[in-house]
Amino acid sequence: MADMAVVELWRGDLPESVHRVHAVVADATGEPVALWGDPGRIIYPRSSCKMVQALPLVLSGADLSSERLALACASHQGTPMHVARVADWLADLGLSEADLLCGAHWPTDRESAHALLRAGARPGPLHNNCSGKHAGFLHLARHLGAGPDYVAPDHPVQRAVRAAFEEATGEPSPGWGIDGCSAPNFATTLRGLARAMAGFAAPGPGREGEARARLVGAMIAHPELVAGEGRACTDLMRAAQGRAAVKTGAEGVFVGILPGRGLGFALKAEDGATRAAEAVTAALLVRLGVLEAADPVAQRLTSGIQHNWRGLPAARLVTRL
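Throughout what follows, the structure given in this document is the object of discussion. (Residues numbered from 1 in each chain as written. Predicted model: local features only at pLDDT ≥ 70, side-chain atom pairs only at ≥ 80, totals over all residues. Heavy atoms only, no water.)

1. Notes on the overall build of the protein
- The helix and strand inventory of the protein stands at 13 helices and twelve strands.
- Taking 321 residues into account, the globule formula puts the C-alpha radius of gyration at 20 Å, and the protein, at 19 Å, falls close to it.
- Here the protein holds 321 residues, and 56% of them are scored as buried.
- Contacts in the protein between residues far apart in sequence, at least 24 positions, make up 63% of those at least 6 positions apart.
- As displayed, the protein has an accessible area near 13,200 Å², and 52% of this comes from carbon and sulfur atoms.
- In the protein, the 31 positive side-chain charges and the 32 negative ones have mean positions that sit 3 Å from each other. (Helix = DSSP H or I, 4+ residues; strand = E, 2+ residues; numbered from the N terminus. Rg over C-alpha atoms; globule rule 2.2 N^0.38 Å. Buried < 20%, exposed > 50% of the residue type's maximum accessible area, 1.4 Å probe, protein only. Contact = heavy atoms within 4.5 Å. Areas by Shrake-Rupley, 256 points an atom, 1.4 Å probe, with all protein chains shown as cover. Lys, Arg positive; Asp, Glu negative; His and termini not counted. Charge placed at Lys NZ, Arg CZ, Asp CG, Glu CD.)

2. Let's talk about the packing of aromatic side chains
- Under the definition given, this model contains two aromatic pairs.
- With centroids separated by 6.0 Å and ring planes inclined at 50 degrees, the aromatic side chains of Phe137 and Tyr150 adopt a geometry described as tilted. Of this pair, Phe137 sits in helix H6 (residues 131-144) while Tyr150 sits in the loop between H6 and helix H7 (156-169); the two residues are 13 residues apart in sequence, bridging distant segments of the chain.
- Aromatic pair Phe165 and Phe186: ring centres 6.3 Å apart, planes at 40 degrees, arrangement tilted. Taken together, the positions of Phe165 in helix H7 and Phe186 in strand S6 (residues 184-186) put the pair 21 residues apart, joining distant regions of the chain.
- For Phe186, a relative accessible area of 5% corresponds to the buried category.
- The side chain of Arg212 reaches across the aromatic face of Phe200, ending 5.3 Å from its centre. (Phe/Tyr/Trp six-rings, centres within 6.5 Å; stacked < 30°, edge-to-face > 60°. Lys NZ or Arg CZ within 6 Å of the ring centre and 35° of its normal.)

3. Side note on the pattern of salt bridges
- Per the counting criterion, the structure on display carries twelve salt bridges.
- Arg238 serves as the salt-bridge partner of Glu229, at 2.8 Å between the closest nitrogen and oxygen.
- Notably, a salt bridge pairs Arg300 with Asp235, separated by 2.6 Å at the nearest N-O pair. In this pair, Arg300 sits in helix H13 (residues 296-303) while Asp235 sits in helix H11 (residues 232-240), placing the two residues 65 residues apart along the sequence.
- Take Arg300: its relative accessible area is 40%, and that puts it in the partly exposed class. (Salt bridge = Lys/Arg side-chain N within 4 Å of Asp/Glu carboxyl O.)

4. Points about the environment of Gly12
- Tracing the sequence through the fold places Gly12 in the loop between strand S1 (5-11) and strand S2 (14-26).
- On the basis of relative accessibility, which here comes to 48%, the residue Gly12 falls in the partly exposed class.
- In sequence terms Gly12 and Arg41 are 29 residues apart; their C-alpha atoms lie 34 Å from each other.
- Apart from the residues lying within four places of it in its own chain, the contact partners of Gly12 are Ala314 and Arg316.

5. So, H11
- Of all nine residues in H11, eight are buried; the element is thus mostly enclosed.
- If you follow the buried residues of H11, they end up packed against helix H9 (206-221), helix H10 (223-226), strand S8 (245-249), strand S9 (253-258), helix H12 (274-287) and H13.
- Of the residues trailing H11, Gln241 is marked for its positive phi of about 55 degrees.

6. Brief notes about the nonpolar core
- Residues Met51, Leu236, Leu267 and Leu285 are the most contacted members of the largest nonpolar core, which totals 100 residues.
- It is helix H8 (residues 190-201) that contributes the most residues to this core, eight residues altogether.
- For Leu285, the contacting residues outside a window of four places in its chain are Leu236, Ala244, Val246, Leu258, Phe265, Val290 and Leu291. (Core = buried A, V, L, I, M, F, W, Y, C linked by side-chain atoms within 4.5 Å.)

7. A closer look at the packing of H11 against H13
- Packing of H11 against H13 brings their axes to within 9 Å, and their N-to-C directions diverge by 140 degrees. By the angle between their directions, the pair H11 and H13 is classed as oblique. Note on element contacts: H13 touches H11 through Val297, Arg300 and Leu301, opposite Ala232, Asp235, Leu236 and Ala239.
- Across the contact of H11 with H13, the residue classes break down as five nonpolar, no polar and two charged. (Axes fitted to C-alpha atoms, helices over the stretch in contact; angles between N-to-C directions. Parallel < 35°, antiparallel > 145°, perpendicular 65-115°, else oblique. Nonpolar A, V, L, I, M, F, W, Y, C, P; charged D, E, K, R; others polar.)

8. Focus on the pairing of S9
- Within S9, six of the six residues are buried, which leaves the element mostly enclosed by the surrounding structure.
- Both faces of S9 are covered, namely the face carrying Val253, Val255 and Ile257 and the face carrying Phe254, Gly256 and Leu258.
- Here S8 pairs with S9 via five bridges, running antiparallel. Within the sheet, the bridge partner assigned to Thr248 lies in S9 and is Phe254.
- Hairpin connection of S8 to S9: three residues between the antiparallel strands, including Glu251 at a positive phi of 60 degrees.
- Of the pairings in the sheet, the one linking S9 to strand S10 (residues 263-269) comprises six bridges and is antiparallel in character. Considered in S10, the bridge of Leu258 is made with Leu263.
- Between S9 and S10, which pair antiparallel in sequence order, lie four residues; one of them, Gly262, sits at a positive phi of approximately 65 degrees. (Pairing = 2+ DSSP bridges.)

All quantities given are derived from atomic positions and should not be read as evidence of function.
In structure tokens:
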């Protein structure tokens, strides 16, 4: 096993926390060109693989705008901008929020959550960060003439997702777990997930390649829909200026797609720490020539200073790749 990437939080002269990260960079052939840790580690990609989950939708021939494709790949903040767009998508299908099977949670955007509280309202499934993905599942189910239980592992939608996932990763999935949004999340190796991202970076000819290119293009065109203001995904894609699409997943997973380089990467923080996954993602984008080391977003995520409640600098990140 190769040396792992490491992210440390230093307070004073002591490393207070240490996060170890597995990472794989793959080229257009799907082969690893750089790695840290164990490329054969089996992981759940969680929300990092939403562009793979959206592939069957695009391949179905559905006539979707780039905004809706971005929402299908999104883990959004539940702001009015996100909620209204997903609601409009459902309405165009003759469906409503009640048809979503993702469950409800408060918007992760603080102002949007406070607005609901001030109105005496409760969040609904539209506020779920995965509501765009689920609208895509419902759209595909409508196209397939399939029933409403679209998150069931044996439903035609999820069978299509699994087939696309195994084709993209180049390996059979060893199993699945239930994701936070109730959809099955298919496991794969870190190497397989990096191979899938490289396939989106160098999509090739034909319908499959066109579908992959459309999804990547939508993410790059609408970074604010993929995540939201202040989120690492949005900030990194804006800083990359079209040179990368990136996507986070729960429990310290992150992926990157570099269309101009034909490279894809996947990483997993061993302890599930989001800040470690974000730090290594930013460091990889610098290492691969997508971001300058001095870029403010890269600096904030890889070596940012934490301030205490009085505004005093109290701790700092150190990323070792």
